[in-house]
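Coordinate analysis (summary)
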Amino acid sequence: QVQLVESGGGLVQAGGSLRLSCAASGSIASINDMGWYRRVPGKQRELVARIIRSGSTNYADSMEGRFTISRDNTKNTVYLQMNSLRPEDTAVYYCNAHLWPRVSYLLSEYWGQGTQVTVSS
């Protein structure tokens, strides 16, 4: 059983910073990519940032320059450093991964349970 467990959400004032972490655990053969999405109530879930095993990254336009995604392949963990936070960044942030579980060796997608980030003005 593969799980993605997020941590690091919370309440912060506008202009502040938060760091999210997501650890993938379980019987994992290899991870192709990990990333973060977010969902604002009433809107569709949107990509925040993604990083592949080689370290290449891509960001949503509104986050680039403020958010930084990084990854520790030895720990199967992805991080999202969020700086200069704005009230419109308030959302539930979800960790996402595409990986090969040992049970099937089929490339599969997994989601974390989500962590709330609230930015007050």
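Look above for the structure.
Residues numbered from 1 in each chain as written. Predicted model: local features only at pLDDT ≥ 70, side-chain atom pairs only at ≥ 80, totals over all residues. Heavy atoms only, no water.

1. Points about the overall build of the protein chain
For the protein chain, the helix and strand inventory stands at zero helices and eleven strands. When the helices and strands of the protein chain are listed from N to C terminus, the series reads β-β-β-β-β-β-β-β-β-β-β. Taking 2.2 N^0.38 as the reference for a compact globule, 121 residues should give roughly 14 Å; the C-alpha atoms of the protein chain span a radius of gyration of 14 Å, in line with that estimate. Projected onto its principal axes, the C-alpha positions of the protein chain cover 45 × 25 × 20 Å. Burial status across the protein chain gives 40% buried among its 121 residues. By sequence separation, contacts in the protein chain at least 24 residues apart represent 56% of the contacts at least 6 residues apart. Accessible area for the protein chain stands at about 6,300 Å²; split by element, carbon and sulfur atoms hold 47% of it. Between the averaged position of the 12 positive side-chain charges in the protein chain and that of its 9 negative side-chain charges there is a distance of 5 Å. (Helix = DSSP H or I, 4+ residues; strand = E, 2+ residues; numbered from the N terminus. Rg over C-alpha atoms; globule rule 2.2 N^0.38 Å. Buried < 20%, exposed > 50% of the residue type's maximum accessible area, 1.4 Å probe, protein only. Contact = heavy atoms within 4.5 Å. Areas by Shrake-Rupley, 256 points an atom, 1.4 Å probe, with all protein chains shown as cover. Lys, Arg positive; Asp, Glu negative; His and termini not counted. Charge placed at Lys NZ, Arg CZ, Asp CG, Glu CD.)

2. What to know about the sheet that holds strand 1 (residues 3-7)
Taken together, four strands build an open sheet; the order of strands is 1-3-8-7 and the sheet is antiparallel. Whereas interior strands pair on both sides, the edge strands pair on one side only; in this sheet they are strand 1 and strand 7 (67-72). Averaged over all pairs of adjacent strands, the angle between their axes in this sheet comes to 15°, without regard to strand direction. Note: strand 7 against strand 8 (residues 77-82), six bridges, orientation antiparallel. Residue Ile 69 lies in a different strand from strand 8, and its bridge partner there is Leu 80. (Pairing = 2+ DSSP bridges. Axes fitted to C-alpha atoms, helices over the stretch in contact; angles between N-to-C directions.)

3. Observations regarding the pairing of strand 5 (residues 46-52)
Looking along a regular strand, one sees the side chains alternate between the two faces of the sheet. When strand 4 (residues 28-39) meets strand 5, the two strands line up antiparallel, connected through six bridges. Pairing of Met 34 across the sheet is with Ile 51, part of strand 5. If you look at the hairpin formed by strand 4 and strand 5, you'll find six residues sitting between the two strands, and Gly 42 has a positive phi there, around 85°. Of the pairings in the sheet, the one linking strand 5 to strand 6 (residues 57-59) comprises three bridges and is antiparallel in character. Considered in strand 6, the bridge of Ile 51 is made with Thr 57. Linking strand 5 back to strand 6 in an antiparallel pair, the connection comprises four residues, with Gly 55 at a positive phi of about 105°.

4. Some remarks on the pairing of strand 1
Of the two faces of strand 1, only the one carrying Leu 4 and Glu 6 is buried; Gln 3, Val 5 and Ser 7 on the other face are not. As paired strands, strand 1 and strand 3 (residues 18-25) are joined by five bridges and run antiparallel to one another. Within the sheet, the bridge partner assigned to Leu 4 lies in strand 3 and is Ala 24.

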